[in-house]
Amino acid sequence: MLLEGLMAVLQPFTIILIAIGTVVGIIFGSIPGLTATMAIVMFLPATYSMSASQGISMLMALYIGGISGGLISAILLNIPGTPSSVATCFDGKPMADKGEAGKALGTGVVFSFFGTLIGIAVLIVLTPVLCDFALKFQAYEYCALAVFSLSMVIALTGRDMPKGLVSAVLGALLATVGLAPIDSKPRFTFDLFQLNNGFALLVLLIGLFAISEVMAYAEGVRKDQSFTVDNNAKIKGAGFSLKEGIAQIPNCIISALIGVGIGILPGIGGGVSCMISYTVSKNISKHPQLYGTGIMDGVVASESANNGTIGGAMIPLLALGIPGDACTAMLLGGLQVHNVAPGPLIYEKSGAVVYAIFFAMVIAAIFMMLFMLLGMRFFVSVLKVPKNYLLPVVLVLCAIGAIGNANMLFDTYCMVGFGLMSYLMIKSKIPTVPMILGFILGPTFETNLRRVSQLASSDKFWSHPIFCVLMIATILVVIFSTRANLKEAKRAEAEEANS
Amino acid sequence: MKKNAKYMMDIVPGIVIALFSLWYLSMVPGIKTFTGMGSTPLTNHFVPYLWGGALLVLGLWILIRGIRKRAAFVKAGGTIEKFDLKKGIDEKREVILSFVILALYVGLMGPVGFVPMTILYLFAQILILTPTNKWKRTYVPALIVALICACLFYYLFRYKLNVLLPQGILKNFGL
């Protein structure tokens, strides 16, 4: 079966399909507003006439390219191409501003590749074990996981904790719009059918990052600001030295494993994994104060994690038939179209196709790295396009992405609304990133909290060790992060008083 | 930054957040709940109350912090400057204009159509993001960029990627 899978992928036509899929995925991922999910949706019909191995290989290439491409706009424009690359902006953009765009892109690309490989390795080796573990996650565990992930907000907020918390709560509050979980009663929809499904994450992301970037530029028009970013540094190889790369290996492994772990759990996804791994990387680093100023570590943490999530998300998809997010739901559709039934018997019934998927993922990861490294000089040249032309065009692409999300013009109105909200938040020194965490985790928390309330009479929490461990971890994170933040705030106050 | 702007960064957002959370909390009782068989002990009101309450507490926290900072500022002999709305609007002219044209762009895209609105929006936004002394040299390139992008994106996304971009007046021409 292993050889059969390998032979199916090593056909010239399949390799061409994987190459095309990777390039298209990178393009979709790099344009803010277009996502890997859209790429898979659009290319799914094109795979109908192909064999299972060919079709699924192409879809996998679109998935990997789509997740990886997000780093390009995150680094060059400070606008994440996909939710998975939100944390890449934190250090990627400052690096680009320092004239190290090539190094930031190279770091992102290479460690995206390693993150993907680690994810695939875990997928191949540990699928049965991890599926058993994932099945242990029920209402109690998901509820605790959501609380634990939300507690990470405190670490992300920095010196102004209340404002960071406001942002996270606002995100969770926005997620209450739409049909309520479990009983499907409409909440805060104001009788608008367009709000029944709530706000889309993509639309929120565009509003928060793309519009605010245009407004930040608009603010400086009368000041003597440059139209382009100075990036004359010559890019050699991947943009960073071997020594620098080797120093990042532990960071990459830890972050990729966090990505895999979060990827396994349905409903959490790459958007959360990149932020959690960034926070963890910052907390365990010897120089946490440098995070956010433009260092490789931040880009490595974010990119290794979001690509590790790919392998993680494939585990429940293949072994249990449970898609973790919209992207894997589309892949599930693709598998079913090609008569591959995911589930515990997938190795017995479609073993060759499963191995073909693994090999296709590896080849797509190699193509992704090659194409992105080769295209790096071209990507960096985007910075030479005057921003007064570039930003409006990007905003139009974002509007198209918002419309294409659900083929509704209404989403563009929300996009502008979120843009205004984001601008006001930035002016009030309220960070916008915790809002994404609150928005993603709010529904997971609510659904499982309400399920727990139903179970609590017969199923006590102490019979759930994972729940207990996560709650203890949450308490520890809250205590240590609050202490660190208070120290930082006191130091800042003292500095302010001295100046 | 003006010295007194530091406490305003807390007072104004604190008031807005507190008022917003009160409005949000006042909307919660109006949500219909399901109380039939299989309903959960925690209704769909619980989490909105939780988030709304948390936001109210945080809003008040920031507001009180701002008031304390203001008191400390006054005690230290600082003078409170009055906010000049006219000056404020003038300082943010480009931002306000950008939001207005963006709102008009998405608001009129349905009836007028993607292509004409995108041409107008791109042209106007490029000019807004360009210092006025460089406008003369920008008119023609801005118009060319606007025309090419609008037509290219419309063709690519509507006809090749099946995104339902509004046709608007182009419907009359069968495009």
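Sequence order sets the numbering: in each chain, residues are counted from 1 along the sequence as written. Chains and ligands are labelled by the order in which they are written, letters from A for the one and numbers from 1 for the other. Only residues with pLDDT of at least 70 are given local features in this predicted model, and only at 80 or more are side-chain atom pairs given and counted; all residues enter the totals for whole chains, interfaces and linings.

**Quick look at the overall build of chain A**
Put simply, the rule reads: The numbering of helices and of strands both runs from the N terminus, where a helix is a DSSP run of H or I of at least 4 residues and a strand a run of E of at least 2. All radius of gyration figures rest on C-alpha atoms, and the globule criterion is 2.2 Å times the number of residues raised to 0.38. Think of it as a crowd count around each C-beta: if 20 or more other C-beta atoms lie within 10 Å the residue is buried, if 12 or fewer it is exposed, and in between it is partly exposed, with C-beta placed from the backbone throughout. Each residue is represented by a C-beta atom placed from its backbone, and any two residues with such atoms within 7 Å are regarded as in contact.
Tallying secondary structure elements over chain A gives 20 helices and 2 strands in all. Against the globule reference of 23 Å for 499 residues, chain A gives a C-alpha radius of gyration of 22 Å, in line with a compact fold. Dimensions of chain A, computed from the C-alpha atoms along their principal axes, are close to 70 × 65 × 50 Å. Every one of the 499 residues in chain A was classed for burial, and the buried ones make up 59%. Across chain A, contacts joining residues at least 24 apart in sequence account for 80% of those joining residues at least 6 apart.

**Brief notes about the overall build of chain B**
From N to C terminus, chain B includes 6 helices and 0 strands. In chain B, the succession of helices and strands from N to C terminus is α-α-α-α-α-α. Over its C-alpha trace chain B gives a radius of gyration of 25 Å, far above what one expects of a compact globule, namely 16 Å for 175 residues. By its C-alpha atoms, chain B is 65 × 60 × 20 Å across when sized along the principal axes. Relative to its 175 residues, chain B shows a buried fraction of 27%. Counting contacts in chain B only where the partners sit at least 6 residues apart, residues at least 24 apart contribute 72% of the total.

**Let's talk about helix α2 (residues 12-30) of chain A**
Residue and element names in this part refer to chain A. Applicable threshold: Expected helix span is taken as 1.5 Å per residue step, with the number of steps being one fewer than the number of residues.
Its 19 residues place the ends of α2 27 Å apart at the C-alpha level, agreeing with the 27 Å of an ideal helix rising 1.5 Å per residue. When we look at burial in α2, the residues that qualify are Thr14, Leu17, Ile18, Gly21, Thr22, Val24, Gly25, Ile26, Phe28, Gly29 and Ser30. Residues of α2 that are buried make contact with α1 (2-9), α3 (36-43), α4 (52-77) and α15 (346-374).

**Some remarks on the interface of chain A and chain B**
Rules: For this classification, Asp, Glu, Lys and Arg are treated as charged, while Ala, Val, Leu, Ile, Met, Phe, Trp, Tyr, Cys and Pro are nonpolar and the rest, including Gly, are polar.
Opposite the 47 residues of chain A that make contact, chain B presents 50 residues. Listed by contribution, the elements that provide at least two residues to the side of chain A that touches chain B are α8 (161-174), α9 (201-219), α17 (387-406), α18 (410-427) and α19 (433-455) of chain A. Among the residues making up the side of chain A that touches chain B, the classes are represented as 30 nonpolar, 8 polar and 9 charged.

**A word on unusual backbone geometry**
Residue and element names in this part refer to chain A. A positive phi angle, near 60°, is found at Asn339, a position not held by glycine. Following the sequence through the fold, Asn339 ends up in the loop between α14 (326-337) and α15. Unusually for a residue other than glycine, Asn407 sits at a positive phi of about 50°. Note that Asn407 resides in the loop between α17 and α18.

**Some remarks on the environment of A:Thr127**
All names here are of chain A. If you trace the backbone, Thr127 turns up in helix α6 (residues 101-135). Between the alpha carbons of Thr127 and Leu390 there is a distance of 44 Å; along the sequence they are 263 residues apart. For Thr127, the residues in contact, after removing those within four places along its chain, are Ile315, Leu318 and Ala319.

**A look at the packing of helix α11 (residues 249-264) of chain A against helix α12 (residues 270-284) of chain A**
All names here are of chain A. Rule in force here: The convention used is that axes are lines fitted to C-alpha atoms, helices contributing only their stretch in contact, and that angles between N-to-C directions extend from 0 to 180 degrees. The hand of a helix crossing depends on one turn: near helix anticlockwise from the far one by less than a right angle means left-handed, and clockwise means right-handed.
Contact pair α11 / α12: the axes reach a minimum separation of 9 Å and the direction vectors enclose 145°. Of the two possible hands of crossing, α11 and α12 adopt the one that is right-handed. Counted together, Asn251, Ile254, Ser255, Ile258, Gly259, Ile262 and Gly263 of α11 and Val272, Ser273, Ile276, Ser277, Val280 and Ser281 of α12 form the full contact between these two elements. Each residue belonging to the contact of α11 with α12 can be placed in one class, and the counts come to 6 nonpolar, 7 polar and no charged.

**Description of the nonpolar core**
What counts is decided by this rule: By convention the nonpolar core is taken to be a set of buried residues drawn from Ala, Val, Leu, Ile, Met, Phe, Trp, Tyr and Cys and joined through C-beta atoms within 7 Å. Where each domain begins and ends is defined by an automated method or by a domain database.
Ranked by internal contacts, the top residues of the largest apolar core, which has 204 residues, are A:Tyr63, A:Ala360 and A:Ala364. Looking at this core element by element, the count peaks at 17 residues for α15(A). Both of domain 1 (5-83) and domain 2 (88-173) of chain B provide at least three residues apiece to this core. The contact partners of A:Ala360, leaving out residues within four places of it in the chain, are A:Val9, A:Ile18, A:Ser57, A:Met60 and A:Ala61.

**Digging into the domain arrangement of chain B**
Domain annotation of chain B identifies domain 1 (5-83) and domain 2 (88-173). Centre-to-centre separation of domain 1 of chain B and domain 2 of chain B, based on C-alpha positions: 37 Å.

**A few points about the confidence of the model for chain B**
Residue and element names in this part refer to chain B. Defined as follows: pLDDT expresses how confident the predictor is about each individual residue, on a scale running from 0 to 100.
Considering every residue of chain B, the mean pLDDT works out to 89; 97% of them sit at 70 or more. When mean pLDDT is taken per element in chain B, helix α5 (residues 114-128) scores highest with 95 and helix α3 (residues 85-91) scores lowest with 83. Per the prediction output, this complex has pTM 0.82; the corresponding ipTM is 0.92.

**Quick word on the packing of helix α4 (residues 93-112) of chain B against α5(B)**
Residue and element names in this part refer to chain B. So the rule is basically this: When describing relative orientation, an angle under 35 degrees is termed roughly parallel and one over 145 degrees roughly antiparallel, while 65 to 115 degrees is termed roughly perpendicular and anything else oblique.
For the pair α4 and α5, the least separation of the axes is 9 Å and the interaxial angle reads 175°. Classified by the interaxial angle, the pair formed by α4 and α5 is roughly antiparallel. When α4 is examined against α5, the residues Glu94, Leu97, Ser98, Ile101, Tyr105, Leu108, Met109 and Val112 are found in contact with a partner set consisting of Phe114, Pro116, Met117, Tyr121, Ala124, Gln125 and Ile128. Class assignment for the residues of the contact of α4 with α5 results in 12 nonpolar, 2 polar and 1 charged.

**Observations concerning the environment of A:Leu455**
Residues and elements named next belong to chain A. By the element assignment, Leu455 lies in helix α19. Judged by the 17 C-beta atoms lying within 10 Å of it, Leu455 is partly exposed. Put simply, Leu455 and Ala139 are 316 residues apart on the chain and 8.6 Å apart in space, counted from C-alpha to C-alpha.

**Remarks on the environment of A:Thr116**
Residues and elements named next belong to chain A. Assignment of secondary structure puts Thr116 in helix α6. Classification of Thr116 as buried rests on a count of 30 C-beta atoms within 10 Å. Leave out the neighbours within four places in its chain, and Thr116 touches Ile64, Asn307, Ile310, Gly311 and Ala365.

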